[in-house]
Amino acid sequence: GLRRGFARKGRPPHYVPAALSLDEVAASVPQRRAVADPSRDWSQGPPPLPPRPGGYPLPAVRRPRGGAVPRLGAAWVPGEGGSHSPFDDPGTPIPGVPLEPDKPAVPWKVLRTHNGNLPVYAKLAYGGLEATTLVRHFFGDVEHMRKELARVCESPVRVRSGKFEVKGLHTWKIKEWLTSLGM
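The written sequence of each chain sets the order in which its residues are numbered from 1. Given that this is a predicted model, residues contribute local features only at a pLDDT of at least 70 and side-chain atom pairs are listed and counted only at 80 or more, while totals for whole chains, interfaces and linings are drawn from all residues. The side-chain values count all of the structure's non-hydrogen atoms but skip hydrogen atoms and water molecules.

### Observations concerning the packing of aromatic side chains
Logical step 1: Classification of ring pairs rests on two measures: the distance between centres of Phe, Tyr or Trp rings, Trp counted by its six-membered ring, which must be within 6.5 Å, and the angle between planes, read as stacked under 30 degrees, edge-to-face over 60 and tilted in between. Throughout the structure, instances matching the rule amount to two aromatic pairs.
Logical step 2: Between tryptophan 108 and tryptophan 177 the ring centres are 5.5 Å apart and the planes differ by 45°, which places this aromatic pair in the tilted class. With tryptophan 108 in strand β1 (residues 108-110) and tryptophan 177 in helix α3 (residues 171-180), this residue pair connects regions lying 69 residues apart in the sequence. As far as the burial class goes, tryptophan 108 and tryptophan 177 line up, both buried.
Logical step 3: Consider the rings of phenylalanine 138 and phenylalanine 164, whose centres lie 4.2 Å apart with planes at 20°: the pair is stacked. A residue pair is termed long-range when its members are at least 10 positions apart, and phenylalanine 138 in strand β4 (residues 138-140) and phenylalanine 164 in strand β6 (residues 163-167) qualify at 26 residues. In DSSP terms, a helix is any run of H or I states spanning at least four residues, a strand is any run of E spanning at least two, and both are numbered starting from the N terminus. For every residue, the accessible area (1.4 Å probe, protein chains only) is compared with the maximum for its type, and the residue is labelled buried under 20%, exposed over 50%, or partly exposed between those bounds.

Here it is as structure tokens:
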């Protein structure tokens, strides 16, 4: 068969002349055309496009992608935008309205997160053997709120930096209690 290697047989060797005469060099250089084709002349930028029936599509406007997502929480009005989770009861009062308006207001406040939820979280440790409930975003009389939380949850409450830690799983109970207070 035919062996393919770097040393192929059967081709004549390609000789390179050691010196060329000026006549041979002039004959090998192609002559420039006298009339330049305007479609191939890029010295003044890209050539103009030929006319097209119907015109050309407008250049696409590039929209920036990524970056910070604008949060429009300041424009949110309570009671607007009925985006409820499947667990929310549509008949619940809007946030900010207490169930008992004639009752005196509590000396503390719990702020909602930027998407409108109450900042009550469950923290599971030791593979789920130890459950703690965290309450964040509160201000006001901390000791009064700690005693009220302990009364509602019937379990010990610790004050940590920026959060309350309630022993046990009490997220639903605390959220209902805060909603009833109008938080």
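### Here's the deal with α3
Residues lying three or four places apart along an α-helix face the same way, a consequence of the helix completing one turn every 3.6 residues.
Logical step 1: Taken residue by residue, α3 has Ile174, Trp177 and Leu178 as its buried positions. Looking straight down α3, one finds its buried side chains confined to an arc of 95°; they lie on one side.
Logical step 2: Only heavy atoms matter for contacts: two residues are in contact if any of them lie within 4.5 Å across the pair. If you follow the buried residues of α3, they end up packed against β1, β2 (120-125), β3 (130-136), α2 (142-153) and β6.
Logical step 3: One or two residues past the end of α3 sits glycine 182, with phi positive at roughly 90°. This arc is taken over the directions from the axis of the helix to the C-beta atoms.

### Re α2
Logical step 1: End to end, α2 covers 16 Å across 12 residues, agreeing with the expected 16 Å (1.5 Å per residue, within 8%).
Logical step 2: Burial in α2 covers these residues: Met145, Leu149, Val152 and Cys153. Take α2 and look down its axis: the buried residues cluster within an arc of 80°, on one side only. Opposite the buried face of α2, at more than 90 degrees from it, the exposed residues are Lys147 and Arg151.
Logical step 3: In this structure, the buried side of α2 is in contact with β1, β3, β4, β5 (157-160), β6 and α3.
Logical step 4: Any N or O atom pair separated by 3.5 Å or less is treated as a polar contact, with the protein-specific requirement of one donor-capable and one acceptor-capable atom, and with residues adjacent in sequence counted only for side-chain atom pairs. Two or three places before glutamate 143, at the opening of α2, aspartate 141 has a side-chain oxygen 3.5 Å from that residue's backbone nitrogen.
Logical step 5: One or two steps after α2, the chain reaches glutamate 154, where phi turns positive at roughly 55°. To estimate the expected span of a helix, subtract one from its residue number and multiply by 1.5 Å.

### Some words on the nonpolar core
Logical step 1: Remark: nonpolar core denotes a set of buried residues (Ala, Val, Leu, Ile, Met, Phe, Trp, Tyr, Cys) joined through side-chain atoms within 4.5 Å. With 17 residues, the main nonpolar core has Met145, Leu149, Ile174 and Leu178 as its most contacted residues.
Logical step 2: Methionine 145 has contacts with Trp108, Val110, Val135, Phe138 and Phe164, leaving out every residue within four places of it along the chain.

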